[in-house]
Amino acid sequence: MASSITIPRRLPLLIADNVLLPGSSMRILVRSLQNMNMVKGRLMGRSSLRSTIIGVIPKEQNDVTDEDLSTLHSIGTAAVVVQVTGTNWPKPAYTLLVTGLCRLKVEELLQETPYPVATVTQLDQLPDKDSDDSFIMDKELKKMAENFREHAVELIGLLDISTPIMAKLKKMLDQLPSQHLPDICAAIVKASYLEKMQVLDAVDLSDRFKRALPLIVRQIEALRLLQKVKKEKFEIVIRKEMARPSHSKKIYRRVSEDFDDGQEIDTDEYADFEQKIKLAKMPEGAHKAAIKELKRFKNMMPNMPEHVMIRNYLELMVELPWSKSNKDTLDIVQARKALDIDHYGLEKVKNRVLEYLAVRQLKNSLKGPIMCFVGPPGVGKTSIGRSIAHILGREFHRIALGGISDQSEIRGHRRTYIGSMPGRIIHGLKLVGTNNPVFLFDEIDKMNKSIHGDPAAALLEVLDPEQNHTFTDHYLNVPFDLSQVLFICTANNLAPIPPALIDRMEIISIQGYTEEEKLHIAERHLMPKQLTLHGLSPELLHIPTDSIKLISMECVPLIISTH
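Please read all numbers here as calculations on a predicted model, not as lab measurements.

(A) Region of interest: the environment of V478. Relative to the assigned elements, V478 resides in the loop between β12 (471-472) and β13 (479-480). You can call V478 buried: its relative accessible area is 6%. For the pair V478 and P283, spaced 195 residues apart in sequence, the C-alpha separation works out to 9.6 Å.

(B) Layout of the packing of helix α11 (residues 332-342) against helix α12 (residues 347-362). Running from amino to carboxyl end, α11 crosses α12 at an angle of 155°, the nearest separation of the two axes being 10 Å. Here α11 lies roughly antiparallel to α12, going by the angle between them. The crossing of α11 and α12 is right-handed. Only E347, K350, N351, V353, L354, L357, A358 and Q361 of α12 make contact with α11, whose side of the interface consists of I332, A335, R336, L339 and D340. Its residues placed into classes, the contact of α11 with α12 shows seven nonpolar, two polar and four charged.

(C) Examining the pairing of strand β4 (residues 53-58) more closely. The buried fraction of β4 is high, at six of six residues. Note that strand β2 (residues 10-16) and β4 share four bridges and pair parallel. Across the sheet, L13 pairs through a bridge with G55, a residue of β4. Relative to strand β5 (residues 75-87), β4 runs antiparallel, the two sharing four bridges. Among the inter-strand pairings, V56 is bridged to a residue of β5, identified as T77.

(D) Layout of the nonpolar core. Counting residues in each nonpolar core, the largest one holds 51 residues, and the members touching the most others are W322, I425, F441, I444, V462 and L463. Among the elements of the structure, α8 (267-280), α9 (284-298), α10 (305-319), β9 (370-374), α15 (424-432), β11 (438-442), α16 (455-462) and β14 (486-491) are those that each provide at least two residues to this core. In terms of domain composition, this core takes at least three residues from each of domain 3 (281-319) and domain 4 (332-509). Residues in contact with I444, not counting those within four places in the same chain, are L401, L459, L463, C489, T490, A491, I497, L501 and M505. One finds I156, L169, L205 and L223 within the second-largest nonpolar core, a separate group that totals 32 residues.

(E) Here's a closer look at the sheet that holds strand β15 (residues 505-509). Reading across from one edge, β10-β11-β14-β9-β15 is the order of the five strands in this open sheet, with parallel pairing throughout. Both edges of this open sheet fall to β10 (396-400) and β15, since each of them pairs with a single strand only. Taken pair by pair, the neighbouring strands of this sheet meet at an average axis angle of 25°, ignoring direction. Sheet topology note: the β10/β11 ladder contains five bridges and is parallel.

What counts as what
- Residues numbered from 1 in each chain as written.
- Predicted model: local features only at pLDDT ≥ 70, side-chain atom pairs only at ≥ 80, totals over all residues.
- Heavy atoms only, no water.
- Helix = DSSP H or I, 4+ residues; strand = E, 2+ residues; numbered from the N terminus.
- Buried < 20%, exposed > 50% of the residue type's maximum accessible area, 1.4 Å probe, protein only.
- Axes fitted to C-alpha atoms, helices over the stretch in contact; angles between N-to-C directions.
- Parallel < 35°, antiparallel > 145°, perpendicular 65-115°, else oblique.
- Left-handed = near helix turned anticlockwise from the far one by under 90°.
- Contact = heavy atoms within 4.5 Å.
- Nonpolar A, V, L, I, M, F, W, Y, C, P; charged D, E, K, R; others polar.
- Pairing = 2+ DSSP bridges.
- Core = buried A, V, L, I, M, F, W, Y, C linked by side-chain atoms within 4.5 Å.
- Domains from an automatic or database assignment.

As structure tokens, this is what we get:
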């Protein structure tokens with residue numbers, strides 16, 4: 001027989017609320033001060049493999065405190081700490097993932113603070129990779145092991161093997177040494193704290209088989225009874241439903257609701273998504289991607305984390321305006337009147353906007369240009385964009401780019417990340433509900449480059465008429481046509497904007513208002529508006545022209561920007 005592996009003679013002890021059996025894994029929540037000190041001093045303060053081996057000792061009674069070492073059980077499990085998770089803020093909280101190695105006996109408690117340390121004796125052998133099962137030579141013990149293995153195979157066959165751990169255990173069952181079977185099977189069945197303590201205390205292998213076998217038999221009988229009840233009720237429901245042909249289509253759904261313990265597929269939700277995908281009139285590539293995700297959604301259990309992610313993705317796909325658009329209402333005469341009503345002065349800007357609208361009236365599929373209004377704050381850059389949307393009869397959406405330093409704000413996050421979401425462009429299209437809105441990129445010169453990428457570089461594709469018809473958001477992962485969207489940008493200064501981005505835009509400079517224009521705006525627009533807001537009339541309050549002129553010289557740009 002090959003030599004066995006031994007555990008250290010001195011081990012730190014972790015007092016556990018549950019029983020850890022050799023060969024099984026368990027998560028232990030660190031609550032007590034002694035266990036917390038052991039994690040900090042032993043596990044997090046050292047990096048050697050030997051330091052990860054600890055002794056997991058169950059409490060003698062399940063209701064006593066961890067600090068009471070007088071109730072320390074004499075038999076425990078040597079375990080290796082596989083993972084430590086937790087946080088130090090606002091207060092330390094850790095969870096340990098441990099895997100049992102072998103039984104041990106606590107011989108002498110060497111220290112109690114800051115955490116207990118004891119000398120231990122190894123009770124089970126830890127065979128290396130070359131060891132075999134040849135030590136079970138006794139005829140009676142061998143017969144007992146074979147009988148236990150038959151029951152273990154039957155138990156695994158009755159359990160749900162859709163979980164990864166059960167599927168792996170079923171594959172490894174034939175190669176698993178007989179001396180490990182009682183511990184592993186006792187760990188996966190439903191048993192009380194006292195029953196698992198009795199299995200742990202069974203140092204002798206034959207005694208261990210005798211302790212664990214009744215637990216396995218009890219679980220097998222319970223699973224058989226459950227299957228029998230499900231089968232009988234299933235047949236009753238089938239007979240009743242088949243007797244009523246009008247309800248025969250609901251058989252699968254009703255049986256699933258009664259017997260699948262919350263794991264059923266919501267057929268109504270699936271059919272709803274299927275119908276919405278048809279009505280969305282997606283392009284071929286997007287339609288294929290949606291159908292593929294819908295099939296995954298149908299075959300996935302609702303309690304799986306990815307189920308929610310796929311539902312959110314499908315909801316976005318069916319809500320995007322793939323084929324919905326507003327018809328332009330172009331009237332150059334009315335457009336001029338609307339611009340004059342909303343904005344005083346700015347003749348150069350108005351003329352350029354009217355030129356663009358006139359060309360668009362002649363050729364509706366005009367690509368570009370991307371207009372960029374540059375000027376000081378408060379001269380009406382944003383309001384001009386809103387007026388253009390009103391003139392065209394389109395939806396208006398403003399995207400504030402000031403302070404953005406992450407390209408994911410433009411392109412979205414990949415769905416592999418937790419909490420991922422689409423970028424602001426796709427999100428804006430979802431909000432407006434049409435594929436030809438007016439998008440205003442406000443403060444385009446306030447974007448910053450960072451370790452998360454350059455949002456200005458991400459805008460290059462968006463603002464290029466030759467490329468934006470195949471814009472691909474990282475979250476959506478299929479192309480979306482932005483060629484029908486009218487993009488307008490605003491900036492206070494051209495210096496921070498990359499040259500490549502400037503080349504994609506037509507710069508329209510707005511120098512600001514003259515003193516006469518400021519006075520006119522204050523008298524004709526701002527003063528009547530403020531009087532109305534405060535419930536006053538010109539007869540109750542009159543401000544001389546000289547006073548208005550003095551105020552307008554300093555305050556009109558700020559007032560315009562806020563109104």
